[in-house]
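Geometric and topological summary
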Amino acid sequence: MTETAASTAAEAFRIERNPNPATPEERAQRLHDLKFGMQFTDHMARVTWTADGGWQDRRVEPYGPLQMDPASSVLHYAQEVFEGLKAYRWADGSVHLFRPEANGERLQRSARRMALAELPLDDFMASIQALVEIDSEWVPDAPETSLYLRPFLIGTDVFLGLRPPKKVDYLLIASPSGPYFHGGIKPVSIWVERDYHRAGPGGTGAAKCGGNYAASLLPQVQAAERGYDQVLYLDAATGGVLEELGGMNVFAVRADGTVLTPIINGNILEGVTRSSVIQLLEDQQLKVVERDITLSELKEGVESGDIVEVFACGTAAIVTPVGRMGSTDFEVTVGDGQPGAVTLAVRQRLTDIQYGRAEDTYGWMRQVI
Ligand code: COI
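Below is a short write-up of the structure. Since we're looking at a predicted model, the values are computed, not measured. (Residues numbered from 1 in each chain as written. Predicted model: local features only at pLDDT ≥ 70, side-chain atom pairs only at ≥ 80, totals over all residues. Heavy atoms only, no water.)

1. Things to note about the side chain of Glu-309
Among the secondary structure elements, Glu-309 is positioned in strand E15 (residues 307-314). For the buried residue Glu-309, which engages in no salt bridge, the nearest side chain bearing the opposite charge is Arg-347, 12 Å off. Engagement of the side chain of Glu-309 in a polar contact is seen with the side chain of Thr-343, the distance being 2.6 Å. (Helix = DSSP H or I, 4+ residues; strand = E, 2+ residues; numbered from the N terminus. Buried < 20%, exposed > 50% of the residue type's maximum accessible area, 1.4 Å probe, protein only. Lys, Arg positive; Asp, Glu negative; His and termini not counted. Salt bridge = Lys/Arg side-chain N within 4 Å of Asp/Glu carboxyl O. Polar contact = N/O pair within 3.5 Å; in protein donor to acceptor, adjacent residues only side chain to side chain.)

2. Details of the site of the ligand
By nearness alone, every residue bordering the ligand is listed as Phe-82, Gly-84, Tyr-148, Arg-150, Tyr-180, Lys-208, Gly-247, Thr-315 and Ala-316. Here an oxygen atom of the ligand sits 3.4 Å away from a polar atom, N or O, in the main chain of Thr-315. For the ligand, an oxygen atom lies 2.8 Å from a polar atom in the backbone of Ala-316. Compared with its free state, where it exposes 280 Å², the ligand has 88% of that area covered by protein. (Near = heavy atom within 4 Å. Areas by Shrake-Rupley, 256 points an atom, 1.4 Å probe, with all protein chains shown as cover.)

3. Examining the pattern of salt bridges
With the rule as written, the count across this model stands at 22 salt bridges. Between Arg-194 and Asp-329 there is a salt bridge whose closest N-O contact spans 2.9 Å. Of this pair, Arg-194 sits in the loop between strand E9 (188-192) and helix H6 (210-215) while Asp-329 is found in the loop between strand E16 (318-326) and strand E17 (331-333), placing the two residues 135 residues apart along the sequence.

4. Brief notes about the packing of helix H8 (residues 272-283) against helix H10 (residues 341-354)
Following both chains from N to C, one finds H8 and H10 inclined at 110°, their axes separated by 10 Å at the closest point. The orientation of H8 relative to H10 falls into the category roughly perpendicular. Judged by residue contacts, Thr-273, Ser-276, Val-277, Leu-280 and Leu-281 of H8 engage Val-342, Val-346, Arg-349, Leu-350 and Ile-353 from H10. In terms of residue class, the contact of H8 with H10 is made up of seven nonpolar, two polar and one charged. (Axes fitted to C-alpha atoms, helices over the stretch in contact; angles between N-to-C directions. Parallel < 35°, antiparallel > 145°, perpendicular 65-115°, else oblique. Contact = heavy atoms within 4.5 Å. Nonpolar A, V, L, I, M, F, W, Y, C, P; charged D, E, K, R; others polar.)

5. Describing the pairing of strand E2 (residues 43-50)
In the case of a regular strand, side chains alternate between the two sheet surfaces. With seven of its eight residues buried, E2 lies for the most part within the structure. Pairing of E2 with strand E3 (residues 54-62) involves seven bridges; the strand directions are antiparallel. Directly across from His-43, in E3, lies its bridge partner Pro-62. Counting the residues between successive antiparallel strands, the hairpin from E2 to E3 contains three residues. (Pairing = 2+ DSSP bridges.)

Shown next as structure tokens:
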């Protein structure tokens, strides 16, 4: 969908303005010193699907609590999928999205896996256009900030029987946000999880569904108690192959410049940042190999100096260096524990494109305003 088409389609959204939007002073105060995911704009977008009527009632309404029947299926059977993408304020004041179609398509794939109605891509794009237009003042301009967009689908069927919902709501909320991890580009530590798995063959690992993230919280709490920031999961079938972190894909850089990342195998999320990073690395003449990576290969590679950098990436986390890894039977420092050159360069290149500081030769950016 072109930018003009998204603008025209956005007109299909009925606008109910927030009668009590934040004043310019309140907004300025709330946009100051932004953290991730704590502030929300004045409006949200919404489209409803029913089995009889299809997708209907496209609207932008005041941001606020949802009225929901306690028997709504999402509350019982976790019929929920979501996305995360960002709108970036460029130096000239314009606002741009990064590869939004990729998120819209992934939302459809996630919905399919959870037997939820698939939102048409045009509605996805138009909802973003409509919301970002009405809440454009909320797109922050401080370094490293953006308007984080959270589209999601929930089953709102009022029925306790277990079946695909006959009513689904699509909602889009927007959160002016700062970095996911505080304190600049600081390496994170990761706990390699042996007891719990994120996904199993034939499971929901490739879907961006809330349940995957809910199941990651107990291991995350336990890792934090052991002094680690994040958790890296291994495959459920053999217990020895890397999959991904709770909310990020993982990469390892070898001393010869080859970059390894787990292959998309149905268990891990097809990250939009992941595929962009692969493209950027290849265009820096680095060889990227997508394949199974065993934990022993990673651990021994870090110990021997064959693996010199490890990083994680995702929309919220961008590209985040890993400085230390540990588990029940080992503890290693990656390189000298500081962010590596490949990690820093790809992060810089990616954010330069996202913030309009470098030409977008890939056709990734979509102007909204
Ligand atoms: C994102 O990176 O956008 C995600 O959805 C991950 C979430 C844990 C913040």
